[in-house]
Amino acid sequence: MVHFEPSRGKAGAASAPGREGLAPVTYLPGASPAEQADDAAEDAAQEREQAEKLLLQRLRGRSLSIIEAQKLLRSTEIDEEAVQEILERFTELHYLDEEKLADQIMHSHHERKGLGRSGVAAEMRQRGLDAELIAEKLEEMPDDEAERATELALKRVQQLDRFDDATIDRRLTGFLMRKGYASSVVRDAVKAALASRRGSGRTSTVRFR
């Protein structure tokens with residue numbers, strides 16, 4: 001912003017505007033355009049550094065997919081170009097590793113929680129993993145769904161002693177279906193669990209919903 005000083009005549013009155021009557025142009029105190037640009041660049045660098053620290057902090061807690069990391073970065077003050085640059089850098093450094101994340105899901109949800117193929121696939125999709133990667137990992141899963149479903153049903157049926165067979169059948173079926181097992185696998189597992197219950201002599205005629 002510029003400030004003009006009108007020139008004064010001999011009597012001290014302001015002279016009429018004219019080329020020869022204009023005082024030299026002076027700038028109000030403040031940063032020059034170059035200094036302002038430097039400040040903006042410094043602010044952007046600080047925002048990017050904070051965004052990277054936030055992502056690293058989140059990654060210390062658990063692995064993230066590319067989509068999850070992208071959502072996190074977009075919630076900060078950095079622009080889209082910086083978001084993509086950070087994602088590329090973290091992927092190159094293997095801080096973001098979707099194949100590793102898929103393996104972790106298989107271990108935690110299939111091996112530890114006993115989820116079937118569809119349950120594992122649903123978790124992977126929810127985490128934003130690529131469909132092709134999901135398909136590859138499902139092919140690597142052992143073909144032991146029937147064995148695992150039966151094992152879960154046998155354990156679960158022990159907690160249902162007070163129920164009648166029809167109620168147990170319904171509850172076990174719902175339990176295994178929520179785990180992501182195929183309906184044919186569920187039927188066989190429930191039959192095995194009910195047979196083991198009858199064989200042990202633990203039956204009840206009390207019906208519960």
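The written sequence of each chain sets the order in which its residues are numbered from 1. With the structure being a predicted model, the display of local features is reserved for residues of pLDDT at least 70 and the display and counting of side-chain atom pairs for 80 or more, all residues being used for whole-chain, interface and lining totals. The side-chain figures draw on all heavy atoms in the structure; neither hydrogens nor water molecules are used.

Participant: It is not clear to me how helix 5 (residues 117-126) should be interpreted in this structure. Could you clarify?
Facilitator: Helical geometry: 3.6 residues make up each α-helical turn, so side chains three or four residues apart lie on a common side. We call a residue buried when its accessible area falls under 20% of the maximum for its residue type, exposed when it is over 50%, and partly exposed in between, using a 1.4 Å probe and counting protein chains only. Numbering of helices and strands runs from the N terminus; a helix is a DSSP stretch of H or I covering at least four residues, while a strand is a stretch of E covering at least two. Among all positions of helix 5, only Gly119, Val120, Ala121, Glu123 and Met124 are buried. Close packing links the buried residues of helix 5 with helix 4 (98-112) and helix 6 (131-140). Here, two residues are considered to be in contact whenever any of their heavy atoms come within 4.5 Å of each other.

Participant: What is the right way to read the nonpolar core from this model?
Facilitator: As a rule of thumb, soluble globular proteins bury nonpolar side chains together. In this structure, Ile168, Leu172, Leu176, Tyr181 and Val190 are the most contacted members of the largest nonpolar core, which totals 17 residues. Counting residues per element, the ones that place at least two in this core are helix 7 (145-157), helix 8 (165-178) and helix 9 (183-199). Looking at which element gives the most residues to this core, the answer is helix 9, with 6 residues. Those residues in contact with Val190 that sit more than four places away from it in its chain are Asp169, Leu172, Thr173 and Leu176. Core analysis: the next-biggest nonpolar cluster, separate from the first, contains 14 residues, Ile78, Ala82, Ile86 and Leu87 among them. The nonpolar core is taken to be a set of buried Ala, Val, Leu, Ile, Met, Phe, Trp, Tyr and Cys residues, with the residues joined through side-chain atoms within 4.5 Å.

Participant: For this particular structure, what's the right way to read the side chain of Glu98?
Facilitator: Relative to the helices and strands, Glu98 is located in helix 4. In this tally Asp and Glu are treated as negative and Lys and Arg as positive; neither His nor the chain ends contributes. Any Lys or Arg side-chain nitrogen found within 4 Å of a carboxyl oxygen on Asp or Glu counts as a salt bridge. In this structure Glu98 is buried but unpaired, with Arg127 as the nearest side chain of opposite charge at 9.2 Å.

Participant: Is there a simple way to think about helix 3 (residues 80-92) in this case?
Facilitator: Expected helix span is given by 1.5 Å per residue-to-residue step, counting one fewer step than there are residues. End to end, helix 3 covers 19 Å across 13 residues, agreeing with the expected 18 Å (1.5 Å per residue, within 8%). Three or more residues of helix 3 are buried, namely Ala82, Val83, Ile86, Leu87 and Phe90. For helix 3, the angular spread of buried residues about the axis comes to 135°, placing them on one side. For helix 3, exposure combined with an orientation more than 90 degrees from the buried face picks out Glu81, Glu88 and Glu92. Positioned one or two residues after helix 3, His94 has a phi angle of 65°, which is positive. Directions from the helix axis toward the C-beta atoms define the arc.

Participant: Looking at this structure, I do not really get a positive patch on the surface. What am I missing?
Facilitator: Patch membership is restricted to residues that have no salt bridge and whose relative accessible area is over 30%. Joining uses 9 Å for like charges and 5 Å for the nonpolar side chains Val, Leu, Ile, Met, Phe, Trp and Tyr. Surface accessibility follows the Shrake-Rupley procedure with a 1.4 Å probe radius. Residue values consider only the protein chains on display as shielding. Think of each charge as sitting on NZ of Lys, CZ of Arg, CG of Asp or CD of Glu. Together, Arg156, Arg162, Arg170, Arg171 and Arg178 give the surface a local cluster of positive charge. At 3 residues, the largest contribution of residues to the positive patch is made by helix 8.

Participant: Would you mind going over the packing of helix 4 against helix 6 with me for this structure?
Facilitator: Geometry of a packed helix pair, given as the angle between the helix axes and the separation of the axes. Running from N to C, helix 4 and helix 6 cross one another at 45°; their axes reach a closest spacing of 11 Å. Classed by the angle they form, the pair helix 4 and helix 6 counts as oblique. For helix 4 against helix 6, the interelement crossing comes out right-handed. Side by side, helix 4 and helix 6 meet where Glu98, Glu99, Ala102, Asp103 and Met106 of the first sit next to Leu133, Lys137 and Glu140 of the second. Angles here are taken between N-to-C directions and fall from 0 to 180 degrees, while the axes themselves are lines fitted to C-alpha atoms, restricted in helices to the stretch in contact. Should an angle lie under 35 degrees it is considered roughly parallel, over 145 roughly antiparallel, and from 65 to 115 roughly perpendicular; all remaining angles are considered oblique. We call a crossing left-handed when the near helix sits turned anticlockwise from the far one by less than a right angle, and right-handed when that turn is clockwise.

Participant: Where do I start with the side chain of Lys179 in this structure?
Facilitator: With respect to the secondary-structure elements, Lys179 resides in the loop between helix 8 and helix 9. Buried and without a salt bridge, Lys179 has Glu123 as its closest oppositely charged side chain, separated by 12 Å. For Lys179, the residues in contact, after removing those within four places along its chain, are Lys113, Gly114, Leu115, Gly116 and Gly119.

Worth remembering: the numbers are spatial, not functional.
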